[in-house]
Amino acid sequence: MQTLLIPEIGHFALIIALLMALVQGVMPLAGAATRRPLWMAYARPMATGQFLFLAIAYLCLTASYLLDDFSVTNVANNSNSLLPWYYKASAVWGNHEGSVLLWSLILAGWTFAVSHFSRELPRDMLARVLGVMGLVSVGFLAFVLITSNPFARLLPNLPEDGADLNPLLQDFGLIVHPPMLYMGYVGFSVVFAFAIAALLGGRLDAAWTRWARPWTNIAWAFLTVGIALGSWWAYYELGWGGWWFWDPVENASLLPWLAGTALIHSLAVTEKRGSFKSWTVLLAISTFSLSLMGTFLVRSGVLTSVHAFANDPSRGLFILVLLGITVGLSLLLFALRAPRVSHQVGFNWLSRDALLLINNLLLVIITITVLLGTVYPLLLDALNLGKISVGPPYFNALFVPLTVLLCLFMGLGPLSRWKRMDGRDLFKRSWLAGLAALVIGGVAPLLYRGEWNLKVSLGVVVALWIVLPMARDLWTKTRHSAGRLAGIKRLSLAYWGMVLGHLGVAVTIIGVTVVSNYAIERNVRMGVGDSVEVAGYTFTMTELASRRGPNYLADAAEIEVRRGDSRRNFTMTPEKRLYIARGMPMTQVALSPGLFRDLYVAMGEELEGGSWAMRLQYKPFVRWLWLGALLMAAGGIMAVADKRYRRTVAARDPEGAPAARAREATA
Amino acid sequence: MKRRLLLLLPLVGFLVLGIFLFMGLSINPFERDSALMAREFPTFELATLEDADRVVDESLLEGEVTLVNVWGEWCPTCKQEMPQLLDLAERGVRLVGVDYKDTRDKGRDFLDTYGNPFEVNIFDPEGTLGFDLGVYGAPETFLVDRDGIIRYHHTGYIKPEDVRDTILPEVEKWR
């Protein structure tokens, strides 16, 4: 259906949003610099208006998709009348223009949230924060309107039907993966804006970190979930059963995550102890810069990968200029302003401060390692030294040992005290847990598979070394005269958030270790009636059939699976689909998920004689990878729910307020 | 003063990275290295689209620099690419088509409607040759030299400006 008006309203709303962003970027910053309250007061209404008009633009584009308006180029290239409605709605961000629009909408959403929830901020601080976010938004909205207008029309010769959404993207994972990822990427703009505002105002006390911490945690949690969803999607949708490929675009999301992980820890140090001030500012700038760079790498097509949509170099240049201005100016500001506000707070080398410093250094080293591996092929190419690709061997060789080292310090972190602590005390708190981790880790592969395996032992030891000392700490902390329950209640949500987050890391490590070492993959030829045994499961092909879906044709196999001699069996149905509009074949994997193992069946090519090349896989503990990520994200959110971030609520609750303050004093 | 210089370090690092990213932009992203670069064209034995009884193999491509274009009736971009291919044929470039995952009738209709720049079309209904070539989808174009070695790979749509800027220079280079 063609509508004259909807895309034009969307386009117009986008232009209004840009103008509002411009006012939001200029007036409050100028007002804060010249101390004019009226100018500063522009910040909040403009943030609200910008969000409203971007939401209108976004809804208009969604409406064009749902109504099959193929006069809109974007819709004609990425949708089809046969596409189910939910994929039409998610196809909006399955392409370059729409995904940048979503990026801008989410930025406006975060800005609106900050303007709404930060009313108790000093007026000039809020004006600066919203001003900086407004300027970032100006850059992106100009990018959308000038190079990537999602409302461009195909008039007067419009196509009868659309070219369809890339079948790889017709999937639940895709519906949720990009928005989560963008929530994370863009969410780091808040802490970035706070850091820049603090630099501009010359007030780099611990106050800005207290305001920025909850926002950073939430953004980090979203990014964690986003990355996990991407990994999960690649696992079942690409048909290879891999869950991480060190693909440049995956790395682009991992980089801000690593820097963000360092940031949430260094924010804690700055807030509690007032040290690491310049460092925290630099990390805040770096984390958001890496988010922007990730956007650049994906959107410019400088690095090709499964995620890159069709690209055009003028867009790449625009984003690079945007990146250059944003990051360059921020780092320049940092170099000029950071020294004015620094002073040292002393701490002993055996203290939580020192352990967190090591955590930060290691995380930054890991970030740089991944960054170098990601851009190295580009550097060589730019210097005319040939085209190469840096593969998993490089990343694994550096990432794994550095992570193990990080985890060794991570086990001690929760036990340690601020400022200084007695070495004997630390030893007393951790030796038993360490010994238990070594013993259990040492025998774990023997018990699980009857054969010793160094890598598995190492993985289990590391995971237990994170969990056991923390469990002991928890046991001691919950000791209370009124019983355990009272003891548990006494602990703050921030502490529980830390526990969950660290537990998540351990769970992910277990998943990575087991699935990397014990996964079984068999590529076999199967016809109807053939049986194959993999890891104690018998797979029998009982039927081959042709099916028709809404926008595809499929060959489907029925595979009956039986474990050992058990009577019970279940059926798995992998498909090989041909998407009609694009003529693109796709593998639809059949999965039997479980907490301790996944069974994974994918159809390959049809062979002569009516049989098929089939890929059967046994993936033990693979779910733990993503379960761990969910725990980490839950930890991040839980820490935000801590009472001390809810000052206004606590103030109204006469009992809560003193308790919260008392806890703060002891923490 | 020393500390101030230290604080400039992140900026300097970023500027260096920025310069490389800028240089990276001028590298054609679609020039991804095909795994087949500088290798022989894969062996095949397939009928032609024009004549179901005529079977051709890789020797078809030897003796003259040839542009092999993978297309299909189902592929909308291929229709937009046809004028560029006709232009190339007019400039004396030898073109061979691979009708990929198509039916014979639809393939012939396509050529009747949009013109036929190809000397001959290899009919690949099962996509076996396409699979050996490692194509992701249509259109994709391979330049094969007189010895049957793949010398250049163009993924996706050949834009009008690509004819002059990349395809013709590559053809000249290997002639």
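Reading the values: the criteria
Residues numbered from 1 in each chain as written. Chains lettered and ligands numbered in written order. Predicted model: local features only at pLDDT ≥ 70, side-chain atom pairs only at ≥ 80, totals over all residues. Helix = DSSP H or I, 4+ residues; strand = E, 2+ residues; numbered from the N terminus. Rg over C-alpha atoms; globule rule 2.2 N^0.38 Å. Buried ≥ 20, exposed ≤ 12 C-beta atoms within 10 Å, placed from the backbone. Contact = placed C-beta atoms within 7 Å. Expected span 1.5 Å × (residues − 1). pLDDT = per-residue confidence, 0-100. Domains from an automatic or database assignment. Axes fitted to C-alpha atoms, helices over the stretch in contact; angles between N-to-C directions. Left-handed = near helix turned anticlockwise from the far one by under 90°. Nonpolar A, V, L, I, M, F, W, Y, C, P; charged D, E, K, R; others polar.

Can you break down the overall build of chain A residue by residue, with the values?
Counting secondary structure elements, chain A contains 21 helices and ten strands. The C-alpha atoms of chain A give 27 Å as radius of gyration, which agrees with the globular expectation for 667 residues (26 Å, within 12%). Based on the C-alpha atoms only, the size of chain A along its principal axes is roughly 80 × 70 × 60 Å. Out of the 667 residues belonging to chain A, those deemed buried represent 49%. Taking as baseline every contact in chain A between residues at least 6 positions apart, the subset at least 24 positions apart corresponds to 73%.

So what about helix α8 (residues 172-201) of chain A? Which residues, and what values?
It helps to recall that an α-helix has 3.6 residues per turn; residues three or four apart then point in one direction. All names here are of chain A. Compared with an ideal rise of 1.5 Å per residue, which puts 30 residues at 44 Å, α8 spans 45 Å between its outermost C-alpha atoms and is within 8% of the ideal. Most of α8 is tucked away, with 24 of its 30 residues classed as buried. Downstream of α8 by one or two residues, Gly202 has phi in the positive range, about 70 degrees.

Tell me about the confidence of the model for chain B, and please be specific about residues and values.
Residue and element names in this part refer to chain B. Averaged over every residue, the pLDDT of chain B is 83; residues scoring 70 or more account for 90%. Within the model, pLDDT remains below 50 along residues 28-34, and this stretch shows 13 contacts once partners closer than five positions in the same chain are excluded. Model confidence for the complex is summarised by a pTM of 0.80, with the ipTM given as 0.77.

For the domain arrangement of chain A, give the residues involved together with the corresponding values.
Parsing chain A into structural domains produces domain 1 (1-165), domain 2 (176-415), domain 3 (416-518 + 625-666) and domain 4 (520-623). Placing the centre of domain 1 of chain A and that of domain 3 of chain A at their C-alpha centroids yields a distance of 41 Å.

Which residues make up the packing of helix α3 (residues 43-66) of chain A against helix α7 (residues 123-147) of chain A, and what are the values?
All names here are of chain A. With their axes 9 Å apart at the nearest point, α3 and α7 run at an angle of 35 degrees to one another. For the crossing formed where α3 meets α7, the hand is left-handed. The residues of α7 that touch α3, namely those facing Ala43, Arg44, Met46, Ala47 and Gln50, are Leu126, Ala127, Leu130, Gly131, Gly134 and Ser137. For the contact of α3 with α7, the class distribution of residues is six nonpolar, four polar and one charged.

Before we move on, could you go through unusual backbone geometry and cite the residues and values that matter?
Across residues other than glycine, the phi torsion is negative in most instances, and most of the peptide bonds are trans. Residues and elements named next belong to chain A. Residue Phe276 is not a glycine yet carries a positive backbone phi of 60 degrees. The exposure class assigned to Phe276 is buried, which follows from the 23 C-beta atoms found within 10 Å. Positioned with a positive phi, Phe621 is a non-glycine residue whose angle comes to about 60 degrees. As for its placement among the helices and strands, Phe621 is situated in the loop between β10 (612-620) and α19 (622-640).

Mind laying out the environment of Val524 of chain A, listing which residues take part and the relevant values?
Residue and element names in this part refer to chain A. If you trace the backbone, Val524 turns up in strand β1 (residues 520-526). Placed 140 residues apart in sequence, Val524 and Asn384 show a C-alpha to C-alpha distance of 43 Å. In contact with Val524, other than residues within four places in its own chain, are Val532, Met614 and Leu616.

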